[in-house]
Amino acid sequence: MGALKFLAVTTFNARGRQAYGERMMESVHRHWPDGAGFRVYSEGWTNIDTRFAVYDLLEASPWLAGFKARHKDRPTTNYRMDAVRFAHKVAAICHAARGRTRYLIWIDGDTFTHSRMTLADLESLAPADDQWISWLDRKAMYPECGFMVFNCRHPRHMEMIDRLEAMYANDELFALPEWHDSYVIEQVVKQSGIGAKSLSGDARHTSHPLVNGPLGQWLDHMKGKRKAAGRSHKRDLVKPRKEAYWS
């Protein structure tokens, strides 16, 4: 089999799988195009769903176990400083990014695909040849990194992945004022000088650009306390959307 043009990946632990992961995987199976691959990185659970490729995250990532052991006692009450929690996401991205896919899509495990996507839709989200990443940039803060597309054929792609991995493997992120993945990834991109594509549309001024921008026509993201409700709040929408899911 040749290289996939699009490979989407995510990760969650056993509790997350039960709370939102099963629903997320089912929505991907129902609404994503057949030509896009999908991979889940398991954090301590055994796969029983043969529809998707499942990789054990600790086996896939040689540095993750050591990082977690070194920093298990760091405070976690503030997500901005919760380095261990978001290290799982970075480990999954860095492993998958060394594969043969043309574009790597990261999608948070608490995301729900509510409407059919096509390969043409995914094409519209991909970075240009001279860009390394597509992300949900925000005007007043770091990007929302619940959905990103990486250009794996950018001439500096491996340099960027190695740099991102080193932030964790070598504990370099602790020199930054914030330790969550969105801030760390933003710094790596800024320091590189490589261009990025915005997926926020005219919703850059909002704190939740996924549901308010172009991605909202297919996706919802239950970040934070939205997980309990199983969907984003109506108050998250800065203006009404036309899709049936949002009505």
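Refer to the structure printed above.
The shown structure was predicted, so the numbers you read here are calculated from the model rather than taken from an experiment.

Colleague: Now, about the environment of Ala19: what can you tell me, with residues and values included?
Modeller: Checked against the element boundaries, Ala19 lands in helix H1 (residues 14–31). On the accessibility criterion, Ala19 (59% relative accessible area) is exposed. Spatially, the C-alpha atom of Ala19 lies 27 Å from that of Gly66, the residues being 47 residues apart in sequence.

Colleague: Account for the side chain of Ser134, naming residues and giving values.
Modeller: Along the chain, Ser134 falls in strand E6 (residues 131–136). Note on Ser134: relative accessible area 0%, which makes it buried. A polar contact is formed between the side chain of Ser134 and the backbone oxygen of Leu125, at a distance of 2.8 Å. Discounting residues that sit within four places of it in the chain, Ser134 has contacts with Leu125, Ala126, Pro127, Phe147, Met148, Val149, Lys197 and Leu199.

Colleague: Mind laying out the packing of helix H4 (residues 83–96) against helix H6 (residues 157–169), listing which residues take part and the relevant values?
Modeller: At a minimum axis distance of 10 Å, the contact between H4 and H6 shows a crossing angle of 155°. In this view, H4 runs roughly antiparallel relative to H6, as classed from their interaxial angle. In terms of crossing hand, the pair formed by H4 and H6 is left-handed. Side by side, H4 and H6 meet where Ala83, Ala87, Val90 and Cys94 of the first sit next to Ile161, Leu164, Glu165 and Tyr168 of the second.

Colleague: Any details on helix H7 (residues 181–192)? Residues and values, ideally.
Modeller: Taking 1.5 Å of rise per residue, the twelve residues of H7 would be expected to cover 16 Å, and the 17 Å separating its terminal C-alpha atoms lies within 8% of that figure. A large share of H7 lies buried, amounting to ten of its twelve residues. By the burial criterion, the buried members of H7 are Asp181, Ser182, Tyr183, Val184, Ile185, Glu186, Gln187, Val188, Val189 and Ser192. Contacts from the buried residues of H7 go to H4, E6, strand E7 (144–151) and H6. Trailing H7 by a residue or two, Gly193 shows a phi angle of about 80°, which is positive.

Colleague: Describe the sheet that holds strand E1 (residues 6–13), with residues and values.
Modeller: Read across the sheet, seven strands follow the order E3-E2-E1-E4-E7-E6-E8 without closing on themselves; strand pairing throughout is mixed. Each edge of the open sheet carries a strand with a single partner, namely strand E3 (53–56) and strand E8 (195–198). This sheet shows a mean twist of 25° between the axes of neighbouring strands, independent of strand direction. Bridging between E1 and strand E4 (residues 103–107) involves four bridges; their strand directions are parallel. Paired with Ala8 across the bridge in E4 is Ile105.

Colleague: Could you give an account of the state of the cysteines, with specific residues and numbers?
Modeller: Across all of its chains, the model carries zero disulfides by this definition. With no disulfide of its own, Cys94 lies 11 Å from the sulfur of Cys152, the closest cysteine sulfur.

About the criteria used
- Residues numbered from 1 in each chain as written.
- Predicted model: local features only at pLDDT ≥ 70, side-chain atom pairs only at ≥ 80, totals over all residues.
- Heavy atoms only, no water.
- Helix = DSSP H or I, 4+ residues; strand = E, 2+ residues; numbered from the N terminus.
- Buried < 20%, exposed > 50% of the residue type's maximum accessible area, 1.4 Å probe, protein only.
- Polar contact = N/O pair within 3.5 Å; in protein donor to acceptor, adjacent residues only side chain to side chain.
- Contact = heavy atoms within 4.5 Å.
- Axes fitted to C-alpha atoms, helices over the stretch in contact; angles between N-to-C directions.
- Parallel < 35°, antiparallel > 145°, perpendicular 65-115°, else oblique.
- Left-handed = near helix turned anticlockwise from the far one by under 90°.
- Expected span 1.5 Å × (residues − 1).
- Pairing = 2+ DSSP bridges.
- Disulfide = S-S within 2.5 Å.

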